[in-house]
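Remarks on the overall topology
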Amino acid sequence: MMKKLLSIILFLVCINVNAQQVQHPYAAGINRILRQLPAGNQQQLDSCMMQINALGTAGLTEMALMLYAPGKGDNTRLQFALSGYAAYVSAAAREDARKTAMQAWTKALKLTTQPENKIFLIDQLQLFGDKSVVPVLKQYLLQPLFCDPAVRVLKHIGGSEALIAMEAALEKAQGPCEISLIKTLGDLKYLAAEGAIIKRAQSEDPVLRRTVLFALANIRGGDTGPILEAAAEKVGYGYDVTGATAAYLLYVANLGHQWPTTPAMTAATNLLRRCKGDSLEHVRIAALKIVADVLDDDATNTLMIASDSKDREYSAAALALAVRIMNAANAESWIQKAERVDGSKKAAIITMLADSKQRAAISLFTKVLKDNDSLVRMAAINAAGQLQSIEMLSPLLVAMKTADTTTAKAIGDALLTIRSSEVPGHIAVSMQHAPPYVQVILLQLLAQKQAVGQERFIRLLLNNPDPIVAQAAKSTLAAIGL
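Residues numbered from 1 in each chain as written. Predicted model: local features only at pLDDT ≥ 70, side-chain atom pairs only at ≥ 80, totals over all residues. Heavy atoms only, no water.

1. Thoughts on the overall build of the protein chain
A tally of helices and strands in the protein chain yields 29 helices and zero strands. On C-alpha atoms alone, the protein chain measures out to a radius of gyration of 36 Å, which is more than a quarter above the 23 Å that the 2.2 N^0.38 rule sets for 482 residues. Projected onto its principal axes, the C-alpha coordinates of the protein chain cover approximately 125 × 65 × 35 Å. Expressed as a percentage of its 482 residues, the buried residues of the protein chain come to 47%. Once local pairs closer than 6 in sequence are excluded, the contacts in the protein chain between residues at least 24 apart make up 62%. (Helix = DSSP H or I, 4+ residues; strand = E, 2+ residues; numbered from the N terminus. Rg over C-alpha atoms; globule rule 2.2 N^0.38 Å. Buried < 20%, exposed > 50% of the residue type's maximum accessible area, 1.4 Å probe, protein only. Contact = heavy atoms within 4.5 Å.)

Set out below in structure tokens:
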């Protein structure tokens, strides 16, 4: 009896050993590869990748199945190897290797029972998967643990097969899977899914409704406009958790990128007309941007009118948008407008013209250096610095002689930006008859510009009755090595 029992045990042990040999025939080779990782250089890494490639479908499948369950072992080297190989086969010249990898991943996904490892393998398909893996991923689109990574892969793959698979899954999807599918179909602008998404527009779940509204804004199908407009109007074009107003603005902006642009212009103009009050300032600005994007060069008149608004933020937005469409013809219109307005509005237009690098406005900048408003004068000085305008060199030096300390320093900063060999000479001559505080600023400029050629003019100030000027002259000579 005992002999018979021992024979049975021996038989079972042999079967078990044989099963292990059949189940893990590539283990030794895989472990040799893993010991070489991480590679010390690109050559070693390429060698490891080629060794992994030589494993074939069966070996790659076994390698993927070697991933430990969470808490049961360290997957670092194995994940590094699998991720590296996924990137390796994604290269255009490795089509055969990519097909082998997809076959291995497909088999491993069916056999892997650990959710974390299954998610890891699905994620890698973003690197090398194509439409052939769509049938494999379909089954995960309705499973909460796996739908999000599966959808990401399908989004990356694209094409009709992926879109149809996601649209079909949406009919039964719920919870996070439903949200993930709707968002992705919206991002991909899949018009065929519009009807299924619209059905959820009245959902009581604010997260789902927000996802629906933004998806519809991206799809911008024929039935979308009224739904989004009604949703935004319902919340008074203000903020709410569903983002109704933001979704409608996105929809209108998207309309502006397709022909004809009349629907976008009509919607944006209506928003400008309806959205009054400080709380809706951001909506008006967004609508104005849409108008500017649609009209492009022809938006100048609209932006000029907007710049006259008493709403400072709205006016500033109009000027910022004007910079983007500025050209010589538009610049002339803005120059003429600047000459008709006063104070802060004139200063703002001058700053805008400088920001858009309009040298045609230099004559305006020069003229307003004598303006009674300090804001306007300062804007002109800053504009001269931005444009590095040599044409304004003499007018700036003249203005400096009667300027206050703050303005004189600003002019000095502007002069420092003007890169011309003429600048040191003009400064040296001008400083001889300038007020003491201006002389000090100009001497500092000569020091910064290393104006060795102006030594004679600098020495003339060494005996200046103002000790501060005399010391500044001495310091300037030392700074330029004289």
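So that's the structure; there's more coming.
2. Topic: the packing of aromatic side chains
Following the criterion strictly, the structure yields four aromatic pairs and no others. With centroids separated by 6.2 Å and ring planes inclined at 25°, the aromatic side chains of Y248 and Y251 adopt a geometry described as stacked. Within this pair, Y248 and its partner Y251 are both found in helix 15 (residues 244–255), separated by three residues, close to a single helical turn. Under the relative-accessibility criterion, Y248 is labelled buried at 5%. Looking at R94, its charged tip hangs above the ring of Y88, at a distance of 3.8 Å from the centre. Taking the ring centre of F457 as reference, the NZ or CZ of R456 above it sits at 4.3 Å. (Phe/Tyr/Trp six-rings, centres within 6.5 Å; stacked < 30°, edge-to-face > 60°. Lys NZ or Arg CZ within 6 Å of the ring centre and 35° of its normal.)

3. Quick word on the confidence of the model for the protein chain
Put simply, the protein chain has an average pLDDT of 92, and 95% of its residues get 70 or more. Below pLDDT 50 for its whole length, residues 5–22 participates in zero contacts with residues either more than four positions away or in separate chains. (pLDDT = per-residue confidence, 0-100.)

4. Quick word on the environment of I52
Mapped onto the fold, I52 is located in helix 3 (residues 42–53). I52 sits in the buried class, given a relative accessible area of 0%. A C-alpha to C-alpha distance of 7.4 Å links I52 and I33, two positions 19 residues apart in sequence. In contact with I52, other than residues within four places in its own chain, are I33, L60, M63, A81 and Y85.

5. Quick word on the pattern of salt bridges
Summed over all chains, the structure comprises 15 salt bridges. With a closest N to O distance of 3.8 Å, K131 and E161 form a salt bridge. Pair noted here: K131 is in the loop between helix 7 (115–128) and helix 8 (134–138) and E161 is in helix 10 (residues 159–170), with a separation of 30 residues, a long-range link. K131 gets classed as exposed once you look at its relative accessible area, which sits at 51%. Accessibility expressed as a relative area gives 34% for E161, which makes it partly exposed. (Salt bridge = Lys/Arg side-chain N within 4 Å of Asp/Glu carboxyl O.)

6. Remarks on the side chain of T245
The topology assignment puts T245 in helix 15. The residues touching T245, leaving out its near neighbours within four places in the chain, are A232, V235, Y237, G238 and V283.

7. Notes on the packing of helix 27 (residues 436–448) against helix 29 (residues 467–479)
At their nearest, the axes of helix 27 and helix 29 sit 9 Å apart, and the two run at 5° to each other. In terms of their interaxial angle, helix 27 and helix 29 are classed as roughly parallel. Between helix 27 and helix 29, the contacting residues are P436, Q439, V440, L443, Q444, L446 and A447 on the first element and I468, V469, A472, A473, T476 and A479 on the second. The residue makeup of the contact of helix 27 with helix 29, split by class, is 10 nonpolar, three polar and no charged. (Axes fitted to C-alpha atoms, helices over the stretch in contact; angles between N-to-C directions. Parallel < 35°, antiparallel > 145°, perpendicular 65-115°, else oblique. Nonpolar A, V, L, I, M, F, W, Y, C, P; charged D, E, K, R; others polar.)

8. Observations regarding helix 16 (residues 262–274)
Relative to the 18 Å expected for 13 residues at 1.5 Å per residue, helix 16 spans 18 Å between its end C-alpha atoms, a close match to the ideal helical length. For helix 16, the set of buried residues is A264, M265, A267, A268, N270, L271 and L272. Summarising the contacts, the buried residues of helix 16 are in contact with helix 15, helix 17 (281–295) and helix 19 (312–324). (Expected span 1.5 Å × (residues − 1).)

9. A few points about unusual backbone geometry
Apart from glycine, the bulk of residues carry a negative phi angle, and the bulk of peptide bonds sit in the trans form. A cis geometry characterises the amide bond from L37 onward to P38, with omega recorded as -5°. Tracing the backbone shows P38 in the loop between helix 2 (27–35) and helix 3. For the peptide bond that leads from W259 to P260, omega is 0°, which places it in the cis range. On the secondary structure map, P260 appears in the loop between helix 15 and helix 16. For Y237, which is not glycine, the phi dihedral falls at a positive 55°. As for its position among the elements, Y237 is in the loop between helix 14 (224–234) and helix 15. The class of Y237 is buried, set by a relative accessible area of 6%. Its identity as a non-glycine residue notwithstanding, K357 has a phi of 60°, on the positive side. With respect to the helices, strands and loops of the structure, K357 is situated in the loop between helix 21 (343–355) and helix 22 (362–367).

10. Thoughts on the nonpolar core
Counting 162 residues, the largest nonpolar core has L353 and F365 as its most contacted members. Those residues within four positions of F365 in sequence are excluded, and the remaining contacts are I350, L353, A354, Q358, A380, A383, L387 and M392. (Core = buried A, V, L, I, M, F, W, Y, C linked by side-chain atoms within 4.5 Å.)

11. Some remarks on the packing of helix 6 (residues 95–111) against helix 7
The interhelical angle for the contact between helix 6 and helix 7, taken along N-to-C directions, is 160°, at an axis separation of 10 Å. The angle between helix 6 and helix 7 places the two elements in the roughly antiparallel class. Handedness of the helix 6/helix 7 crossing: left-handed. The segment helix 6 lies against helix 7, with R98, A101, M102, W105, A108 and L109 engaging K118, L121, I122, Q124, L125 and F128. Split by residue class, the contact of helix 6 with helix 7 holds nine nonpolar, one polar and two charged. (Left-handed = near helix turned anticlockwise from the far one by under 90°.)

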